[in-house]
Amino acid sequence: MDTNILDHLKTLHTAAIDARNGYEEALEDAEGKGLTSLFRDMIALHHANAEELGALLINAGEEADDSGSFMSVVHKTIMSVRSLFDGLDGSVLPGLIDGEKRNVAKYDDAIAAASAAPTVLATLTAQRSKIRDKIALMEQQNAAYEAAKA
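These numbers were taken from a predicted model, which means no experiment stands behind them.

With that out of the way, let us pick up the overall build of the protein chain. Scanning the protein chain from N- to C-terminus turns up 5 helices and 0 strands. Reading the helices (α) and strands (β) of the protein chain from amino to carboxyl end gives α-α-α-α-α. Relative to its full complement of 150 residues, the protein chain shows a buried share of 41%. Long-range pairs, those at least 24 residues apart, make up 79% of the contacts in the protein chain with a sequence separation of at least 6. Roughly 7,800 Å² of accessible area belongs to the protein chain as shown, and the carbon and sulfur atoms make up 54% of that amount.

Orientation of helix H2 (residues 36-59) relative to helix H4 (residues 93-113), taken along the N-to-C sense of each, is 15 degrees, at an axis distance of 14 Å. Between H2 and H4, the interaxial angle falls into the category roughly parallel. Crossing of H2 over H4 shows left-handed handedness. Contacts from Leu-38, Phe-39, Met-42, His-46, Asn-49 and Leu-53 in H2 reach Leu-93, Leu-96, Glu-100, Asn-103 and Tyr-107 in H4. Broken down by class, the residue content of the contact of H2 with H4 amounts to 7 nonpolar, 3 polar and 1 charged.

Here we take up the nonpolar core. Judged by nonpolar contacts, the single largest core of 33 residues is most densely connected at Leu-9, Tyr-23, Phe-39, Leu-96, Val-120, Leu-124 and Met-138. Secondary structure elements with two or more residues in this core: helix H1 (3-30), H2, H4 and helix H5 (118-149).

Looking now at the side chain of His-13. Note that His-13 resides in helix H1. On the basis of relative accessibility, which here comes to 2%, the residue His-13 falls in the buried class. Discounting residues that sit within four places of it in the chain, His-13 has contacts with Ala-50, Leu-53, Gly-54, Leu-57, Ala-64, Asp-65 and Asp-66.

With that settled, consider the packing of aromatic side chains. Considering all chains together, one arrives at 1 aromatic pair under this definition. Judged by centre distance (6.3 Å) and plane angle (40 degrees), the ring pair of Tyr-23 and Phe-39 falls under tilted. Of this pair, Tyr-23 sits in helix H1 while Phe-39 is found in helix H2, placing the two residues 16 residues apart along the sequence. An identical accessibility class is assigned to Tyr-23 and Phe-39; each is buried.

A cluster of like negative charges, contributed by Glu-51, Glu-63, Asp-65 and Asp-66, occupies part of the molecular surface. Relative to the assigned elements, Glu-63 resides in the loop between H2 and helix H3 (70-85).

Attention now goes to the packing of H4 against H5. One way to put it is that H4 packs onto H5 with a least axis distance of 9 Å and a crossing angle of 160 degrees. In terms of orientation, H4 lies roughly antiparallel with respect to H5. In the crossing of H4 with H5, the sense of the turn from one axis to the other is left-handed. Mapping the contact onto sequence places Leu-93, Pro-94, Leu-96, Ile-97, Glu-100, Lys-101, Val-104, Tyr-107, Asp-108, Ala-110 and Ile-111 in H4 and Leu-121, Leu-124, Thr-125, Gln-127, Arg-128, Ile-131, Arg-132, Ile-135, Met-138, Glu-139, Gln-141 and Asn-142 in H5. Looking at side-chain class alone, the contact of H4 with H5 contains 13 nonpolar, 4 polar and 6 charged residues.

For the rest of this paragraph, the subject is the pattern of salt bridges. Taken as a whole, this structure holds 7 salt bridges when the rule is applied. The partner of Glu-62 in a salt bridge is Lys-10, with the nearest N and O atoms 2.9 Å apart. Taken together, the residues span a long stretch of sequence, with Glu-62 in the loop between H2 and H3 and Lys-10 in helix H1 at a distance of 52 residues. Judged by relative accessible area, Glu-62 falls into the partly exposed class, the value being 27%. Judged by relative accessible area, Lys-10 falls into the partly exposed class, the value being 33%.

Conventions adopted
- Residues numbered from 1 in each chain as written.
- Predicted model: local features only at pLDDT ≥ 70, side-chain atom pairs only at ≥ 80, totals over all residues.
- Heavy atoms only, no water.
- Helix = DSSP H or I, 4+ residues; strand = E, 2+ residues; numbered from the N terminus.
- Buried < 20%, exposed > 50% of the residue type's maximum accessible area, 1.4 Å probe, protein only.
- Contact = heavy atoms within 4.5 Å.
- Areas by Shrake-Rupley, 256 points an atom, 1.4 Å probe, with all protein chains shown as cover.
- Axes fitted to C-alpha atoms, helices over the stretch in contact; angles between N-to-C directions.
- Parallel < 35°, antiparallel > 145°, perpendicular 65-115°, else oblique.
- Left-handed = near helix turned anticlockwise from the far one by under 90°.
- Nonpolar A, V, L, I, M, F, W, Y, C, P; charged D, E, K, R; others polar.
- Core = buried A, V, L, I, M, F, W, Y, C linked by side-chain atoms within 4.5 Å.
- Phe/Tyr/Trp six-rings, centres within 6.5 Å; stacked < 30°, edge-to-face > 60°.
- Patch = residues over 30% accessible without salt bridge, like charges linked within 9 Å, V, L, I, M, F, W, Y side chains within 5 Å.
- Salt bridge = Lys/Arg side-chain N within 4 Å of Asp/Glu carboxyl O.
- Lys, Arg positive; Asp, Glu negative; His and termini not counted.
- Charge placed at Lys NZ, Arg CZ, Asp CG, Glu CD.

Spelled out as structure tokens, the structure:
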């Protein structure tokens, strides 16, 4: 596997860990209210993605670093501050949607790089599709939240 694909896999792996960590903080701070089922779903999704990406890296002879990046700290801090001031209700959905769209863009770049690696391409395409499905769900939830406020 070429280094360009490996670099993309490492980036996606770290992004999945960072996102999972942010959702874990959100779930903890939500205290069983609001969007806890969404947070649980997103934790499971990003955890599964990180596991699959880690396996691809290990199979390619690379190390799968499960510590995440500084963005884990940023995501956790944002969720903690939001929970203190606004609570973790539907008002957080636009930020979550934006973050997941950034993740999809990373997948788009990785998919373009992995066109010659069918196994990697299949994994990335499936993961991107699952994230897009969750974005669509969050957009529906956000529309309902906005309609209820109006």
